[in-house]
Amino acid sequence: MGLRAVSFKACLHRPDTAPMTLLHQAMRAGHAPHRSAPPRRDVLVAGGAGALGAAVLEQLLACRAFGHVVVLVSQPLNTALRGLRTLPESALEPAPGGDAGPPEDTAVVVFDRERHANGREQAFVRPEPDRLVALAHALHERGVKRLVVVLPHAPSMLPDALKRGLANLDEQALASLGFEHLVFIRSAQARNPQRARRHLQRLADWVLAQLQLMIPQRERPVRAQKVAQLTAAIAAQLHAAPSGTRVLPPELVWLASQAADVESLARDWLHGRALPELAPAASRM
């Protein structure tokens, strides 16, 4: 009886610590520094027209690594697509005595084959090969740290050493601009299917078409969607890779088109890891 009374009396005088603990936690949380998620990076695209350029825009918009995809335009273009912004070509020139503002840290320059363009694609800037150095210089001055250049080429027309190295002086000039990361993606380019008017030219085209059978499979053209998927994967993961200049030859582009996990293959290539070997398809007689 006495023990119950003492226990009951102790309970009456015991402070209710639960509400105080919750209150202290709430006050502590109010004074704690607010941790917001780091803003996602933006990517700038020069060359959004054409089949390959449109596919690159689509893949970058679907990539969660970038907050906005900014496409370079030569004339005003209204777009309601979420995540897509436009930038006039004249805005690449830095304002005199002013700051260019928060820049895109990554840029992708796409050289694509010319095709019949609609009104929307005509507004996109189509980079010219002889203006590549000037464009890259303007991007570097804007604050771009990482540059990816997609360069199609005619199959079997480049020496093997140049496929893995810098093909011309312009690309060497790009490497000397000071980008933290510079990537050249060489994708094999299909021949122009337009039929020639002259008989001799048609005969020459027929002979070249037969020679296409002698081109190794890994150097044959890859669908634009596959090249764009690889380009977006490299651009998204470039910031975490060691700095430097890299060249992706056509056979590795073909390898990526056959891979089930393009993101993992791009990550392994950027970090210099061994890539899986795919057995070439058996030729039919």
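Provided above is the structure to which this section pertains.
Residues numbered from 1 in each chain as written. Predicted model: local features only at pLDDT ≥ 70, side-chain atom pairs only at ≥ 80, totals over all residues. Heavy atoms only, no water.

### Some remarks on the overall build of the protein chain
Looking only at helices and strands, one finds eleven helices and seven strands in the protein chain. When each of the 285 residues of the protein chain is scored for burial, the buried share is 36%. Across the protein chain, every contact between residues at least 6 apart in sequence was considered, and the portion connecting residues at least 24 apart equals 75%. Just so you have it, the protein chain exposes about 17,700 Å², and 56% of that area is on carbon and sulfur atoms. (Helix = DSSP H or I, 4+ residues; strand = E, 2+ residues; numbered from the N terminus. Buried < 20%, exposed > 50% of the residue type's maximum accessible area, 1.4 Å probe, protein only. Contact = heavy atoms within 4.5 Å. Areas by Shrake-Rupley, 256 points an atom, 1.4 Å probe, with all protein chains shown as cover.)

### Some words on the side chain of Glu104
Here Glu104 is to be found in the loop between β3 (84-88) and β4 (106-110). The class for Glu104 is buried, based on a relative accessible area of 5%. Side-chain polar atoms of Glu104 contact the side chain of Arg142, separated by 2.8 Å. Excluding residues that lie within four positions of it along the chain, Glu104 makes contacts with Asp42, Val43, Leu44, Val70, Arg142, Gly143 and Val144. (Polar contact = N/O pair within 3.5 Å; in protein donor to acceptor, adjacent residues only side chain to side chain.)

### Points about the pairing of strand β6 (residues 181-188)
Among the eight residues of β6, eight are classified as buried, and the element is accordingly described as predominantly covered. Of the two faces of β6, the one lined by His181, Val183, Ile185 and Ser187 and the one lined by Leu182, Phe184, Arg186 and Ala188 are each fully buried. Direction of pairing for β6 relative to strand β7 (residues 244-248): parallel, over a ladder of five bridges. What sits directly across from Ile185, in β7, is Leu248. (Pairing = 2+ DSSP bridges.)

### Side note on the packing of helix α3 (residues 50-62) against helix α9 (residues 224-237)
For the pair α3 and α9, interaxial distance at closest approach is 8 Å and the crossing angle is 45°. One way to sum up the angle between α3 and α9 is to call them oblique. Crossing hand, α3 versus α9: right-handed. Contacts between α3 and α9 involve Ala51, Leu52, Ala55, Val56, Glu58, Gln59 and Leu60 from the first element and Ala224, Gln225, Val227, Ala228, Gln229, Ala232 and Ala235 from the second. (Axes fitted to C-alpha atoms, helices over the stretch in contact; angles between N-to-C directions. Parallel < 35°, antiparallel > 145°, perpendicular 65-115°, else oblique. Left-handed = near helix turned anticlockwise from the far one by under 90°.)

### A few points about the pattern of salt bridges
What the rule picks out here adds up to six salt bridges. Note that Asp105 and Arg146 form a salt bridge whose closest N and O atoms lie 2.8 Å from each other. You can see Asp105 sitting in the loop between β3 and β4 and its partner Arg146 sitting in strand β5 (residues 146-153), a full 41 residues away along the chain. Residue class for Asp105 comes out buried when judged on its relative accessible area of 13%. (Salt bridge = Lys/Arg side-chain N within 4 Å of Asp/Glu carboxyl O.)

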